[in-house]
Amino acid sequence: MADGESRTGAASHEKDPRTRDLRKAGILVRRLQARIVKAQREGRQNRAKVLQRLLVHSHSARLLAVTRVSHNEGRKTPGVDGVTWLTPSKQVKAVEALRLRGYRPLPLRRIYIPKKNGKLRPLGIPTMRDRAMQALYLLALDPIAETVADPNSYGFRKERSCADAISQCFILLARRGSSRWVLEGDIKACFDRISHAWLLAHVPLWDRTILRKWLQAGYLEKRVFHRTEEGTPQGGIISPVLANLALDGLEARLRERYPATTRQGRAAQVHLVRYADDFVITGRSRELLEQEVKPLVAQFLADRGLELSAEKTSVTPIETGFDFLGQNVRKYGGKLLIKPSKRNLTAFLENLREIVKGNRAAPASQLVLLLNPKIVGWANYHRHVCAKRTFTHVDYMLFNLLWQWAKRRHPNKSRRWIKQKYYTELPGPRGGNQWAFFGEVEEGDRKRPVLLRKASHTRIRRHVKIRSEVNPYDPRWWEYLAHRHRARGVTLPAVGSHPDRL
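Residues numbered from 1 in each chain as written. Predicted model: local features only at pLDDT ≥ 70, side-chain atom pairs only at ≥ 80, totals over all residues. Heavy atoms only, no water.

(A) Representation of the overall build of the protein within the structure. Within the protein, the secondary structure is distributed over 19 helices and 14 strands. Against the compact-globule benchmark of 23 Å for 502 residues, the protein has a radius of gyration of 26 Å, which places it among compact chains. In terms of its C-alpha atoms, the protein occupies a principal-axis envelope of roughly 75 × 65 × 55 Å. Relative to its 502 residues, the protein shows a buried fraction of 49%. The long-range share in the protein, meaning contacts at least 24 apart out of those at least 6 apart in sequence, stands at 67%. Just so you have it, the protein exposes about 26,800 Å², and 51% of that area is on carbon and sulfur atoms. (Helix = DSSP H or I, 4+ residues; strand = E, 2+ residues; numbered from the N terminus. Rg over C-alpha atoms; globule rule 2.2 N^0.38 Å. Buried < 20%, exposed > 50% of the residue type's maximum accessible area, 1.4 Å probe, protein only. Contact = heavy atoms within 4.5 Å. Areas by Shrake-Rupley, 256 points an atom, 1.4 Å probe, with all protein chains shown as cover.)

(B) Examining helix α4 (residues 59-71) more closely. Over its 13 residues, α4 extends 18 Å from the first C-alpha to the last, a length consistent with the 18 Å expected when each residue adds 1.5 Å. Taking burial as the measure, the 13 residues of α4 include 10 buried ones, the bulk of the element. (Expected span 1.5 Å × (residues − 1).)

(C) Quick peek at the sheet that holds strand β11 (residues 335-340). Reading across from one edge, β9-β10-β11 is the order of the 3 strands in this open sheet, with antiparallel pairing throughout. Both edges of this open sheet fall to β9 (322-324) and β11, since each of them pairs with a single strand only. Put simply, the sheet's adjacent strands are angled 30 degrees from each other on average, direction ignored. Bridge analysis of β9 against strand β10 (residues 327-332) gives 3 bridges, and the strand direction is antiparallel. Looking at β10, one finds that F324 is bridged to Q327. Of the strands in this sheet, β9, β10 and β11 are in contact with helix α7 (residues 162-173), which crosses β11 at around 160 degrees. (Pairing = 2+ DSSP bridges. Axes fitted to C-alpha atoms, helices over the stretch in contact; angles between N-to-C directions.)

(D) Quick look at the sheet that holds strand β1 (residues 108-114). Here we have 4 strands laid out as an open sheet, ordered β2-β1-β4-β5, and mixed in their pairing. The open sheet is flanked by β2 (120-125) and β5 (224-226), the only strands paired with a single partner. Between one strand axis and the next, the sheet turns through 45 degrees on average, direction left out of account.

(E) Spatial organisation of the packing of α4 against helix α6 (residues 128-148). As a packed pair, α4 and α6 sit with axes 8 Å apart at the nearest point and diverge in direction by 130 degrees. Judged by the angle between their axes, α4 and α6 are oblique. Crossing handedness for the pair α4 and α6: right-handed. Of the residues in α6, those touching α4 at A61, R62, L64, A65, V66, R68, V69 and S70 are M128, R131, A132, A135, L136, L138 and L139. Its residues placed into classes, the contact of α4 with α6 shows 11 nonpolar, 1 polar and 3 charged. (Parallel < 35°, antiparallel > 145°, perpendicular 65-115°, else oblique. Left-handed = near helix turned anticlockwise from the far one by under 90°. Nonpolar A, V, L, I, M, F, W, Y, C, P; charged D, E, K, R; others polar.)

(F) The arrangement of the pairing of β11 in detail. Inspection of the sheet shows β10 paired to β11 by 6 bridges, in the antiparallel sense. Residue pairing in the sheet places Y332 in a bridge with K335 of β11. Hairpin geometry of β10 and β11 is characterised by an intervening segment of 2 residues between the two adjacent antiparallel strands and by a positive phi of about 60 degrees at G333.

(G) Focus on unusual backbone geometry. Phi is positive for A189, which is not a glycine, with a value near 45 degrees. Positive phi is not limited to glycine here, since R223 has a value of about 65 degrees. Structurally, the position occupied by R223 is in the loop between β4 (219-221) and β5.

(H) Broad picture of the pattern of salt bridges. Overall, the coordinates contain 16 salt bridges when judged by the stated rule. Among the ionic pairs, R227 bridges to E229, the shortest N-O distance being 3.3 Å. A residue is classified by how much of its surface remains accessible, and R227, at 61% relative accessible area, is exposed. E229 gets classed as exposed once you look at its relative accessible area, which sits at 57%. Note that R255 and E251 form a salt bridge whose closest N and O atoms lie 3.2 Å from each other. Of this pair, R255 and E251 both sit in helix α12 (residues 250-257), 4 residues apart, which is roughly one turn of the helix. Of the residues examined, R255 reaches a relative accessible area of 48% and is grouped as partly exposed. Overall, the relative accessible area of 4% leaves E251 in the buried class. Through salt bridges with shared partners, a single ionic network connects R41, D474 and R476. (Salt bridge = Lys/Arg side-chain N within 4 Å of Asp/Glu carboxyl O.)

(I) Focus on the confidence of the model for the protein. Residues with a pLDDT of 70 or more make up 92% of the protein, whose mean pLDDT is 90. This stretch, residues 1-15, has a pLDDT under 50; its non-local contacts, to residues over four places away or in other chains, come to 13 contacts. (pLDDT = per-residue confidence, 0-100.)

Printed below as a string of structure tokens:
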């Protein structure tokens, strides 16, 4: 292990002692997590709880927890106490002060963020200390959560993504004899309604007293304190894992009702694909899904204080298709095609339109720098499906937006003048591209051109789905995961948070 670490640790930035400390901490925590997984897999729950307690009390785990919350995107957003940890000295003090004795979480700061349907989603912002404490306990809880998780659950889990969930949909629905009906499920206000009693009785955490404190911490809205009688603290680091634990077991319940070892179970073709609180269940017929599967799911959720959303839950034939995670899954003449959904495309184009209209007086270079991350991120998300025609349509619509933007800025100039000022020619096959929008960024005494990225330049690359039984904390899968990373050309993180670093 040490030799492997020395080979990968030759970079100059590792001379920083903090980086070396983080790597050592990551190695020690990873080994403890592997022991927790082994104990849980062997049915030794008491042993797993002892190892959880050992991990939570270790200095290495505290160091990783503080590092996570002080380096993520929300590090500059304080909780109700107004405290942030932006300097190394504050982070060092936070590691030493992160103790369990006398710990009591403060209420969350409540804010609201807009949803796609125009409504507002409540979001709670914990204090930095509460975030670090949740991150600390998450290091001990997540290995068990991964061990007991549903095989085809893909949301908020390490090494899994939306692309894996969509690939599983293709596997289940692409064949000629595959299921023809799909139950689209959505849980009403999942994070806000999970039963506290169920969580306290079933979450595999050695210290459930601290879990009760988090669940009942309440929140402050306009300086008024509100108690929390149900739900998880949405916005907290540990909340997604708690929600997954509450929903895990649904796939096992379906398999128990429709076992693959019997002819009747295989004929039912009931399979689950879940991403967070959104899920689809395939079935042989509409009657099966409406009269048997849907009541089973409703009862499963009711035990956890949850219910299905009537407006978002429906049974759909595969020939009509359904939207899932921003993709549209539909069969055309017996052939399954997965494309970016119209709703997702419309929302993306509207976002681009707002950026262009909101920067009418901005230089072209600033517009390019604002648009490029949006285009690249959206195209990369959809590059695993049949999206080439959609990418071309996005380029066409964006060209019209930018052409109108340029004409509005220069109403008295000719089309040729506008083309020469804002568009350049790029060499390439089939005559190249004569309409590449660009701007110029000043760098010292020189000006550097920046080109607008085209969605159609993103190559379609089929995603290789992760194996359903993979556990990233289990040493038996580390070589498999390392191979997946190498195949995708992923650069491993510096901190010892990946199996290749052990």
